[in-house]
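Letter by letter, the chains look like this.
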Amino acid sequence: MSILGALPEGLVCRPIAEADLAAVIACLGRGFPERPARHWQEALSRMALRPAVEDLPRYGYGLAKDGHIVGVMLTLFFRTGGEGAPIRCNLSSWAVDEDFRAYAGKLIMTAMRRRDVTYLSITPAPVTLKVTEALRFKRFADGQQAFVPLLGRGHGLRVVEARPGMAELDLLPAGERSLLLDHAALGCTALVCVGNGIVRPFVFKTRRVLRGLVPCSQVIYCRSHAELGACAGALGRHLLRKGLLLSIVDACAPVPGLVGRYFPGVGPKYAKGPHPPTPGDLAFTEFVVFGS
């Protein structure tokens, strides 16, 4: 896969514009035929509603041949906290038509121009893993732990769902207040765990595993595995009322305090840049914004 060198005449790599969206959906449909067009329509619609970060593109970058989109990389830029906080970018949905795959690397190199941004690759396809590692991305999660939170500690704690105006939110930093409310608006379960004078934020997203047969809750945000372990029992009681017994969290080894099984090599996640996330932090990534 070529990464460096000039593009041939008529082929350009540029930010995706609003006028490109129908062609972007068509290109993604060719690259990911297992995904229906409505998946990409919803993903782009949700991206359109997210606040822009500085002058960075809202949707990502496209390869255009004589004005026609022949390659796409979606980019989700977001700040890790309030104004002035570090910027991360989830690189996603890399699709290039067969005749132009020699120039696919231009998309990722163009997207990764900012050295102050931390770039994430959280659903790398097997075919792109070599490129990811060649670009010196490092794993921040080696596998996943499946666990039953109800069997964990923290049964004396209180858990409430985040909503505007609730008193418990005022006990959190402004960045985490916004994180909880933004994720609740995007369909996640945003929770505040209160007890012993400590307030801890958590975000979960419902998904299905084992070929879509078993519902579970994916940890989208926790400050640390230690806080997740300390609150697991209380969180489990709340999630069980939603019919969710099983949970999943990214990890690099079995997580102390969580009753379950660690699966090495499942769902590895990569980052490159000055502010990589810790395992258990998937805030504002495609898992949330794309909606499925």
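Everything below is about the structure shown above.
Residues numbered from 1 in each chain as written. Predicted model: local features only at pLDDT ≥ 70, side-chain atom pairs only at ≥ 80, totals over all residues. Heavy atoms only, no water.

Trainee: Which residues make up the pairing of strand S10 (residues 214-222), and what values do they have?
Mentor: Within S10, seven of the nine residues are buried, which leaves the element mostly enclosed by the surrounding structure. With eight bridges connecting them, strand S9 (residues 198-209) and S10 associate as antiparallel partners. Paired with Lys205 across the strands is Gln218, a residue of S10. Hairpin connection from S9 to S10: four residues lie between these consecutive antiparallel strands, with Leu210 at a positive phi of about 55°. As paired strands, S10 and strand S11 (residues 246-251) are joined by three bridges and run parallel to one another. Among the inter-strand pairings, Gln218 is bridged to a residue of S11, identified as Ile248. Following the backbone out of S10, through helix H6 (residues 225-240) and into the adjacent parallel S11, one traces a crossover that is right-handed. (Buried < 20%, exposed > 50% of the residue type's maximum accessible area, 1.4 Å probe, protein only. Helix = DSSP H or I, 4+ residues; strand = E, 2+ residues; numbered from the N terminus. Pairing = 2+ DSSP bridges. Right-handed = clockwise from strand over helix to strand, strands pointing away.)

Trainee: Break down the packing of aromatic side chains for me, with residues and values.
Mentor: Applying the stated rule across the entire model yields two aromatic pairs. A centroid spacing of 5.5 Å and a plane angle of 45° characterise the contact between Phe32 and Trp40, whose relative ring orientation is tilted. Between Phe78 and Phe284, the aromatic rings sit 5.8 Å apart at their centres with planes inclined by 45°, giving tilted as the arrangement. Of the two residues, Phe78 sits in strand S3 (residues 68-79) while Phe284 sits in the loop between strand S12 (260-272) and helix H7 (286-289), which places them 206 residues apart along the sequence. (Phe/Tyr/Trp six-rings, centres within 6.5 Å; stacked < 30°, edge-to-face > 60°.)

Trainee: Can you break down the pairing of strand S2 (residues 60-65) residue by residue, with the values?
Mentor: Within S2, five of the six residues are buried, leaving the element largely enclosed by the surrounding structure. Taken together, the five bridges between strand S1 (residues 11-15) and S2 define a ladder with antiparallel strand orientation. Bridge assignment links Arg14 to a residue of S2, and that residue is Gly62. Sheet topology places S2 next to S3; six bridges connect them, and they run antiparallel. What sits directly across from Gly60, in S3, is Leu74. If you look at the hairpin formed by S2 and S3, you'll find two residues sitting between the two strands, and Asp66 has a positive phi there, around 50°.

Trainee: Tell me about the side chain of Arg200, and name the residues and values.
Mentor: Tracing the backbone through its elements, the reader meets Arg200 in strand S9. Non-local contacts of Arg200, meaning those with residues more than four positions away in its chain, are made with Leu157, Leu191, Val192, Cys193, Arg223, Glu227 and Cys231. (Contact = heavy atoms within 4.5 Å.)

Trainee: Mind laying out the pattern of salt bridges, listing which residues take part and the relevant values?
Mentor: Going through the model one piece at a time under the given rule, you end up with 13 salt bridges. For Asp116, the salt bridge identified is with Arg114, shortest N-O distance 2.8 Å. By relative accessible area, which is 24% here, Arg114 ends up partly exposed. Taken together, the salt bridges that share partners define one network made up of Glu54, Arg79, Arg114 and Asp116. (Salt bridge = Lys/Arg side-chain N within 4 Å of Asp/Glu carboxyl O.)

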